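# Close look at the chain arrangement
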Amino acid sequence: MPLLSPNSLLSSPHIATINSVRFFPTGRSGLLNPTTLHRFYSSRLSWQASSPMATPSSQDNGGVPGVAASKSSADRIGEIKRITKETNVHVNINLDGSGVSECSTGIPFLDHMLDQLASHGLFDVHVRATGDIHIDDHHTNEDVALAIGTALLQALGDRKGICRFGHIAVPLDEAAVEVILDLSGRPHLSCDLTIPTERVGTYDTQLVEHFFQSLVNTSGMTLHIRQLAGKNSHHIIEATFKAFARALRQAVEYDLRRGGSVPSSKGVLSRS
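What comes next is a walk through the structure.

Scoring rules and cut-offs
Residues numbered from 1 in each chain as written. Predicted model: local features only at pLDDT ≥ 70, side-chain atom pairs only at ≥ 80, totals over all residues. Heavy atoms only, no water. Helix = DSSP H or I, 4+ residues; strand = E, 2+ residues; numbered from the N terminus. Buried < 20%, exposed > 50% of the residue type's maximum accessible area, 1.4 Å probe, protein only. Contact = heavy atoms within 4.5 Å. Areas by Shrake-Rupley, 256 points an atom, 1.4 Å probe, with all protein chains shown as cover. Axes fitted to C-alpha atoms, helices over the stretch in contact; angles between N-to-C directions. Left-handed = near helix turned anticlockwise from the far one by under 90°. Nonpolar A, V, L, I, M, F, W, Y, C, P; charged D, E, K, R; others polar. Phe/Tyr/Trp six-rings, centres within 6.5 Å; stacked < 30°, edge-to-face > 60°. Pairing = 2+ DSSP bridges. Salt bridge = Lys/Arg side-chain N within 4 Å of Asp/Glu carboxyl O.

## Brief notes about the overall build of the chain
- A tally of regular secondary structure across the chain gives 7 helices and 12 strands.
- Split into buried and exposed, the 272 residues of the chain put 47% on the buried side.
- Here the analysis covers contacts within the chain between residues at least 6 apart in sequence; of these, 73% occur between residues at least 24 apart.
- Counting every atom, the chain has about 13500 Å² of accessible surface; 53% of that belongs to carbon and sulfur.

Structure, rendered in structure tokens:
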């Protein structure tokens, strides 16, 4: 069977059209994978832009709802290098990834939590950091979070077509944590965690809230974290990172009904 161009795919007999609504083939779950959808839209955008029949208006946005011309011709990737006298941090995050995690911060427990961010958010997360951990983990923990927040800000671009909001509660054994977030451009953190021990391994549990405060500050995110239950420090913190990952995944996915518009009555979602 010959390969179809993205435009001819839209008119393919394999895609049903009922009352002007196209129904795409799906996987076994019956759901259209947002990452697949994003890549399909992106490939159509690239094909149209290179087509001699493409008009200037179609080159602007490919004629495709849910895709911003400034950001959507490729995967949404943010890459940041942050170098200070205290730390050297390199972060690369792909919002349309598959859950790949390659993280080495010199703080084993933080690496474990970043693995949760990648795995449960289905983001590709690459972090390399060195810092003054001979003093303590504070500066490295903070600067990794600042860099991740900045990479998220870069990857999101103008935020056209995204769902914007995320809300989920995640259990881990006896622990349960609820996360609500808004990719509003306005940084705010409300963190209600009661972690019973001062350390998990060598990791200072005070650094959990500081991690999220730093990430919020550079990403321009409104984030509410609320502990519903839990007695084990490791479980509480891990449930927090898993819930954050799933809520963020909800927020960055595309809303097909929005048709590529900015999810705000103001028409813009800015960092300021």
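Now that the structure is up, let's keep going.
## Notes on the packing of helix H4 (residues 108–121) against helix H7 (residues 233–252)
- For the pair H4 and H7, the least separation of the axes is 8 Å and the interaxial angle reads 35°. The chirality of how H4 crosses H7 is right-handed. For the pair H4 and H7, contact is made by Phe-109, His-112, Met-113, Gln-116, Leu-117, His-120 and Gly-121 and by His-234, Ile-237, Glu-238, Phe-241, Lys-242, Phe-244, Ala-245, Arg-246 and Arg-249, respectively.
- The residue inventory of the contact of H4 with H7, partitioned by class, reads 7 nonpolar, 5 polar and 4 charged.

## With respect to the packing of helix H5 (residues 138–156) against helix H6 (residues 207–219)
- At a minimum axis separation of 7 Å, H5 and H6 run at an interaxial angle of 35°. Remark: the crossing between H5 and H6 carries right-handed chirality. From H5, His-138, Asn-141, Glu-142, Val-144, Ala-145, Leu-146, Ile-148, Gly-149, Thr-150, Leu-152 and Leu-153 reach across to H6, where they touch Leu-207, His-210, Phe-211, Ser-214, Leu-215, Thr-218 and Ser-219.

## Here's the deal with the packing of aromatic side chains
- Going through the model one piece at a time under the given rule, you end up with 5 aromatic pairs.
- Aromatic pair Phe-212 and Phe-244: ring centres 5.2 Å apart, planes at 70°, arrangement edge-to-face. Here Phe-212 is found in helix H6, whereas its partner Phe-244 is found in helix H7, with 32 residues between them in sequence. Side by side, Phe-212 and Phe-244 carry an identical accessibility label, which is buried.
- Through a chain of ring-to-ring contacts, the aromatic side chains of Phe-211, Phe-212, Phe-241 and Phe-244 assemble into a single cluster.

## Digging into the sheet that holds strand E7 (residues 165–172)
- Strand order in this open sheet of 4 strands is E7-E8-E12-E9, and the pairing throughout is mixed. Looking at the sheet topology across the chains shown, the edges are occupied by E7 and strand E9 (188–192). Mean inter-strand twist for the sheet, computed between neighbouring axes without regard to direction, equals 10°.
- As paired elements, strand E8 (residues 175–182) and strand E12 (residues 222–229) share 7 bridges and run antiparallel to each other. Directly across from Ile-180, in E12, lies its bridge partner His-224.
- Set on the sheet, H6 makes contact with E9 and E12; between it and E9 the angle comes to about 165°.
- Relative to E7, H7 is tilted by about 150°, and along the sheet it contacts E7, E8 and E12.

## Some remarks on the sheet that holds strand E6 (residues 124–131)
- Reading across from one edge, E3-E4-E6-E5 is the order of the 4 strands in this open sheet, with mixed pairing throughout. The outermost strands of the open sheet, each flanked by one partner alone, are strand E3 (77–83) and strand E5 (101–104). Direction aside, the axes of adjacent strands within the sheet are offset by 5° on average.
- Against the sheet, H4 contacts E5 and E6, and its axis sits at roughly 160° relative to E5.
- Set on the sheet, H5 makes contact with E3, strand E4 (87–94) and E6; between it and E3 the angle comes to about 145°.

## Things to note about the pattern of salt bridges
- Applying the stated criterion across every chain, the model contains 6 salt bridges.
- Taking the shortest distance from any N to any O, the salt bridge between Arg-226 and Glu-178 comes out at 2.6 Å. Residue Arg-226 is located in strand E12, and its partner Glu-178 is located in strand E8; the two are separated by 48 residues in the primary sequence.
- For Glu-178, a relative accessible area of 12% translates into the label buried.
- Note that Glu-238 is salt-bridged to Lys-242, the shortest N-O span being 3.2 Å. Note that Glu-238 and Lys-242 are positioned in helix H7 at a spacing of 4 residues, about one turn of the helix. In this pair, the class of Glu-238 matches that of Lys-242, namely buried.

Interpretation note: all reported values are geometric properties and have no functional meaning in isolation.
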